[in-house]
Amino acid sequence: MTKISAFLFALIFILAGTTNAQMDVQDLYSEIEAGHVKLGEVNGNGNSSGAAVEGYLFNETSIEKNISINLKQPIFFSNGRAGQNMIAMRVFYHNGGFFKSGQKSFISLQPKEKKKIVFIAYCVDFDKDNPSDSDTFTISSVPVNIKYVVERIGEHARKNPSVNITVAAQAAIWLTQGKSMAEIRKKFAVSPSDEQLARTFIKK
């Protein structure tokens, strides 16, 4: 059975003394591509959805890096073993914490600092096992068949940061791959409201 994380965003650190205009917040994927931030030791934790992928971020630079918790460019994690591939949409400190300044929510890495983090991610492979801590991931391109729905989910998450869309998002990713709602409900409970939201994600 699919295991969905009950991850709670309980720890919010309010950053005082910095205006919204002064705060420079970057997208994680762009920072990785530029070589400013390194992602390492990425593995599963037994969950298929929600706080399901863990790892470390290392700031390779000599300046502080502020990384948005909402990934503008979702990250596709290719599983090096037989478990599920995953698509990550958000990132937090491992304890669920993050900073907030005005409308910007982010995690911060001091120069040369290494931090343990957790990704809010979703299963891309309906019939494979949940990724465990022995499953390791590498970054790959987002598959074309889920790119549209992932973009819609990400847009909704950015506009509704306090709403838990885990079930709806996971259902939408499977629906867009041709799985029926009846099949999905054998994996985990999908409420009528979750189904309605999932179908708005896949509607073109």
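Owing to the predicted nature of the structure, the values given are computational and were not obtained by experimental measurement.

Draft legend 1. Region of interest: the pairing of strand β2 (residues 37-44). Examined bridge by bridge, β2 and strand β3 (residues 49-59) share 6 bridges and lie antiparallel to one another. Paired with Gly-40 across the bridge in β3 is Tyr-56.

Draft legend 2. Main features of the pairing of strand β5 (residues 70-79). The element β5 is largely enclosed, with a buried count of 7 among its 10 residues. In terms of strand pairing, β5 meets strand β6 (residues 86-93) through 4 bridges, oriented antiparallel. Following the sheet pairing, Phe-77 is matched in β6 by Met-86. Hairpin remark: β5 followed by β6, antiparallel, with 6 residues in the connecting loop. Where β5 meets strand β10 (residues 137-140), 4 bridges bridge the pair, whose relative direction is antiparallel. Pairing of Phe-77 across the sheet is with Ile-139, part of β10.

Draft legend 3. Highlighting the nonpolar core. Ranked by internal contacts, the top residues of the largest apolar core, which has 56 residues, are Leu-28, Phe-77, Ile-87, Ile-107, Phe-119, Ile-153 and Ile-184. Ranked by residue count, the leading element in this core is helix α3 (residues 166-175), at 8 residues. Apart from residues lying up to four places away in sequence, Ile-87 is in contact with Pro-74, Ile-75, Phe-76, Ile-120, Ala-121, Tyr-122, Val-124, Val-142, Val-150 and Ile-173.

Draft legend 4. Structural context of helix α2 (residues 144-159). Over its 16 residues, α2 runs 24 Å from end to end, which matches the ideal 22 Å to within 8%, given 1.5 Å per residue. Listed as buried for α2 are Ile-146, Val-149, Val-150, Ile-153, Gly-154 and Ala-157. Residues of α2 that are buried in the fold lie against β5, β6, α3 and α5 (192-202).

Draft legend 5. Representation of the packing of aromatic side chains. With the rule as written, the count across this model stands at 7 aromatic pairs. These aromatic residues form a ring-pair network of at least three members: Phe-77, Phe-119 and Phe-137. Sitting above the plane of the Tyr-56 ring, Lys-114 keeps its charged end 4.6 Å from the centroid. In this structure, Lys-204 packs its charged tip against the face of Tyr-148, placed 5.0 Å from the ring centre.

Draft legend 6. Highlighting the sheet that holds β10. Across the sheet, which stays open at both edges, the 6 strands sit in the order β2-β3-β9-β6-β5-β10 with antiparallel pairing between neighbours. If you trace the sheet from one side to the other, it starts and ends with β2 and β10, each paired once. Across the sheet, the axes of successive neighbouring strands diverge by a mean angle of 45°, strand direction being ignored. Where α2 meets the sheet, it contacts β5 and β6, and its direction lies at approximately 135° from that of β5. Across the sheet, α3 is in contact with β3, β6 and β9 (114-123); its angle to β9 comes to roughly 60°.

Parameters at a glance
- Residues numbered from 1 in each chain as written.
- Predicted model: local features only at pLDDT ≥ 70, side-chain atom pairs only at ≥ 80, totals over all residues.
- Heavy atoms only, no water.
- Pairing = 2+ DSSP bridges.
- Helix = DSSP H or I, 4+ residues; strand = E, 2+ residues; numbered from the N terminus.
- Buried < 20%, exposed > 50% of the residue type's maximum accessible area, 1.4 Å probe, protein only.
- Core = buried A, V, L, I, M, F, W, Y, C linked by side-chain atoms within 4.5 Å.
- Contact = heavy atoms within 4.5 Å.
- Expected span 1.5 Å × (residues − 1).
- Phe/Tyr/Trp six-rings, centres within 6.5 Å; stacked < 30°, edge-to-face > 60°.
- Lys NZ or Arg CZ within 6 Å of the ring centre and 35° of its normal.
- Axes fitted to C-alpha atoms, helices over the stretch in contact; angles between N-to-C directions.

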